[in-house]
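# Geometric and topological summary
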Amino acid sequence: QVQLVESGGGLVQPGGSLRLSCAASGSIFSINAMGWHRQAPGKQRELVAGITSGGSTNYAEAVTGRFTISRDNAKNTVYLQMNSLKPEDTALYYCNVDLFVDLKGRRVRVNRWGQGTQVTVSS
């Protein structure tokens, strides 16, 4: 139906930068909101940043001013530019997409999660 492929995670030193990508593919009719969440060991998954179909964005307080979410509608892709990374940003990062799919001629609304990409900030 719909596949989400994430990339861009890795190991980076404090103060460094990474850019995450999440590309959606499949029988997509339209994409509504897209977002990034993260889950650190022993903690609950939390919203990092979100972006609507119109381009409005929202951020968790902990990342405001350091992270930037964007999307390329032509590529069905959402990005997360992460700057000034801190050790506390270490987590498994998941993208989430709310979209309409074409299911045998019917438009059906679904919500999908990516497989997760690890971000580790350490010296």
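To be clear, the structure that these remarks concern was listed above.
Residues numbered from 1 in each chain as written. Predicted model: local features only at pLDDT ≥ 70, side-chain atom pairs only at ≥ 80, totals over all residues. Heavy atoms only, no water.

## Quick notes on the pattern of salt bridges
So the rule is basically this: Each salt bridge in this description consists of a side-chain nitrogen of Lys or Arg and a carboxyl oxygen of Asp or Glu lying within 4 Å of one another. Under the scheme used here, helices are H or I runs from DSSP no shorter than 4 residues and strands are E runs no shorter than 2 residues, and both carry numbers assigned from the N terminus. The buried label goes to any residue with under 20% of its type's maximum accessible area, the exposed label to any with over 50%, and the partly exposed label to all in between, with areas taken from a 1.4 Å probe on protein chains only.
Under the defined criterion, the tally for this structure stands at 4 salt bridges. Note that D89 is salt-bridged to R38, the shortest N-O span being 3.0 Å. Of this pair, D89 sits in the loop between β8 (77-82) and β9 (91-103) while R38 sits in strand β4 (residues 28-39), and the two are 51 residues apart along the sequence. For the pair shown, D89 and R38 are each scored as buried. Through salt bridges with shared partners, a single network forms among R38, E46, R66 and D89.

## Some details on the side chain of D98
Definition in use: Should any heavy atoms of two residues lie within 4.5 Å, those residues are counted as being in contact.
Within the secondary structure, D98 sits in strand β9. Taking the relative accessible area as the measure of exposure, D98 reaches 13% and is therefore buried. Leaving out residues up to four positions away in the same chain, D98 has contacts with I31, N32, A33, R109, V110 and N111.

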